[in-house]
Amino acid sequence: MPQQREIRADFDRETIVVYQAYSPQIAEPALDAQRFVPPFSFQRMTWIKPSFLWLMHRSNWGQKSGQERVLAVRITRSGWEEALAAGVLTSFAPGAFTSHADWSEKFTNARVHVQWDPERSLRGAGLPCSSIQVGLSRHVIRTFVEDWIVGIEDYTPRVRKIYDFLQSGRADRAKRLLPPERVYSVSDEVRRRLLIDE
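Residues numbered from 1 in each chain as written. Predicted model: local features only at pLDDT ≥ 70, side-chain atom pairs only at ≥ 80, totals over all residues. Heavy atoms only, no water.

J.: In this structure, what is going on with the sheet that holds strand 2 (residues 15-22)? I would like to understand it.
T.: Note: strands within a sheet are paired through backbone hydrogen bonds, in either parallel or antiparallel orientation. Taken together, the three strands give an open sheet; going across it, the order is 2-4-8, and neighbouring strands pair in antiparallel fashion. Looking at the sheet topology across the chains shown, the edges are occupied by strand 2 and strand 8 (149-154). With direction set aside, neighbouring strand axes in the sheet form an average angle of 25 degrees. Note: strand 4 (residues 69-76) against strand 8, five bridges, orientation antiparallel. (Pairing = 2+ DSSP bridges. Helix = DSSP H or I, 4+ residues; strand = E, 2+ residues; numbered from the N terminus. Axes fitted to C-alpha atoms, helices over the stretch in contact; angles between N-to-C directions.)

Structure, rendered in structure tokens:
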């Protein structure tokens, strides 16, 4: 059984996969360039998520307007860990901050925001464990795009196939197409600040 808060992801020794969903107008140039280019905005926060099923819930399997293309963005683990090290939780938590004022100051000045949301099952039900979302501010986005991204893959056909299997009652076949995710370990300092369970 997963811990209440732990990072689960598809990763290897050097890289980790995070998921994002965009309109074709943003996704297609990004796939061609293998990095994000205009009309992708470098001026607003972008959220990266290592949980495939959480993004499926968020984008309704790539059916929401502006989220029709699901991208698997492979980034360096060093970049991911840099983001986590700079991350500040989006809400006050007594175990992570000395006071509400301490949290408020850190949050206001944070270059990276982190929040925990209920993880999702294959059918979208909330699970009793959480999924991490990492928000990169405009101060970090160029580093993300220019230094961290190793490659971008279009997962839209895979998403449609999984969704079609679900709609036709073949959940077992859908499950076999899910990307592999396992627990990603972090330093004690990051675990303490982001309330990640042992």
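J.: How should the pattern of salt bridges be read in this particular structure?
T.: Close approach of charged atoms lets side chains of opposite charge pair. In the structure shown here, the tally under the stated rule is ten salt bridges. For Glu189, the salt bridge identified is with Arg192, shortest N-O distance 3.5 Å. Of the two residues, Glu189 and Arg192 are both situated in helix 8 (residues 188-193); the distance of three residues between them amounts to about one turn of the helix. You can call Arg192 partly exposed: its relative accessible area is 44%. Among the ionic contacts, a cluster of salt bridges with common partners joins Glu6, Arg8 and Glu119. (Salt bridge = Lys/Arg side-chain N within 4 Å of Asp/Glu carboxyl O. Buried < 20%, exposed > 50% of the residue type's maximum accessible area, 1.4 Å probe, protein only.)

J.: When you look at the nonpolar core in this model, what are you seeing that I'm missing?
T.: Inside soluble globular proteins, nonpolar side chains tend to come together where they are buried. Counting residues in hydrophobic clusters, the biggest one holds 45 residues, and the most contacted among them are Phe36, Ile75, Trp80, Val134, Leu136 and Phe144. Each residue touching Ile75, except ones within four places of it in the same chain, is listed here: Glu14, Thr15, Ile16, Val18, Ile48, Trp80, Phe144, Trp148, Ile149 and Val150. Judged by nonpolar contacts, the second largest core, of 17 residues, contains Phe52, Leu53, Val70 and Ile162. (Core = buried A, V, L, I, M, F, W, Y, C linked by side-chain atoms within 4.5 Å. Contact = heavy atoms within 4.5 Å.)

J.: I tried to follow the packing of aromatic side chains on my own but got confused; where do I start?
T.: Scanning the entire structure with this criterion turns up 14 aromatic pairs. A centroid spacing of 5.9 Å and a plane angle of 50 degrees characterise the contact between Tyr19 and Tyr155, whose relative ring orientation is tilted. With Tyr19 in strand 2 and Tyr155 in the loop between strand 8 and helix 6 (156-167), this residue pair connects regions lying 136 residues apart in the sequence. Each member of the pair, Tyr19 as well as Tyr155, carries the same accessibility label: buried. For the ring pair Phe92 and Phe97, a centre distance of 6.5 Å and an interplane angle of 35 degrees mean the geometry is tilted. (Phe/Tyr/Trp six-rings, centres within 6.5 Å; stacked < 30°, edge-to-face > 60°.)

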